[in-house]
Amino acid sequence: EADYRWYKDTWDVRSDTLARGLSRHFGETVVGGGTWRHYTQTGAYFYQPSYTGSPTYFTGDFRLFPFDSNSVTGRMEITPKGGIFAMPAGSTLTLQYERYRSTTGFVAGIFTGGVRIPLK
């Protein structure tokens, strides 16, 4: 799978996002996959690393700074069969790890887990 997004707003913040991913079934009950995402954006037209005087607009909001980022995600979904773990049919266990890094110096490693149980 592949995804591309372009964005521009009235403050002249422009961004490009490219994501690519792959998933694969391992038997009937396990799906594994991963994605890579690259994001780049310009700063708002009034963004400056530092301000002097009394500018009309100024910002300290990191979402209006220019930066690039990359993230890599690995994900596994397990759909137990035959009442394993005493879960209703159609339930899914999800495990995921994401590694995020940006040119602003922010780095994160995020583990998540979840359970989906269908309501009937």
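Residues numbered from 1 in each chain as written. Predicted model: local features only at pLDDT ≥ 70, side-chain atom pairs only at ≥ 80, totals over all residues. Heavy atoms only, no water.

*Asks:* Which residues make up the sheet that holds strand E2 (residues 14–26), and what values go with them?
*Replies:* Strand order in the open sheet made by the six strands is E1-E2-E3-E4-E5-E6, with antiparallel pairing throughout. With partners counted over all chains shown, the strands left at the sheet margins are strand E1 (2–8) and strand E6 (107–116), one partner each. If you compare each strand with its neighbour and ignore which way they point, the axes differ by 15° on average. The pairing of strand E5 (residues 92–102) with E6 spans 10 bridges and is antiparallel. In the strand pairing of E6, Tyr 100 is matched with Ala 108. (Pairing = 2+ DSSP bridges. Helix = DSSP H or I, 4+ residues; strand = E, 2+ residues; numbered from the N terminus. Axes fitted to C-alpha atoms, helices over the stretch in contact; angles between N-to-C directions.)

*Asks:* Talk me through the pairing of strand E4 (residues 67–78); I want residue IDs and the actual numbers.
*Replies:* Here strand E3 (residues 30–41) pairs with E4 via 12 bridges, running antiparallel. Along E4, the bridge assignment pairs Gly 34 with Gly 74. Where E4 and E5 come together, 10 bridges link them in antiparallel fashion. Paired with Ser 69 across the bridge in E5 is Ser 102.

*Asks:* So what's going on with the side chain of Gln 41? Residues and values would help.
*Replies:* Counting through the fold element by element, Gln 41 comes out in strand E3. Taking the relative accessible area as the measure of exposure, Gln 41 reaches 8% and is therefore buried. Within the local environment of Gln 41, its side chain forms a polar contact with the backbone oxygen of Arg 63, the two atoms lying 2.8 Å apart. At 2.8 Å, the side chain of Gln 41 forms a polar contact with the backbone oxygen of Phe 65. If near-sequence neighbours (up to four positions away) are discounted, Gln 41 is found in contact with Val 13, Arg 14, Ser 15, Arg 63, Leu 64, Phe 65, Pro 66, Phe 67 and Asp 68. (Buried < 20%, exposed > 50% of the residue type's maximum accessible area, 1.4 Å probe, protein only. Polar contact = N/O pair within 3.5 Å; in protein donor to acceptor, adjacent residues only side chain to side chain. Contact = heavy atoms within 4.5 Å.)

Such coordinate-based values are descriptive only and should not be taken to indicate function.
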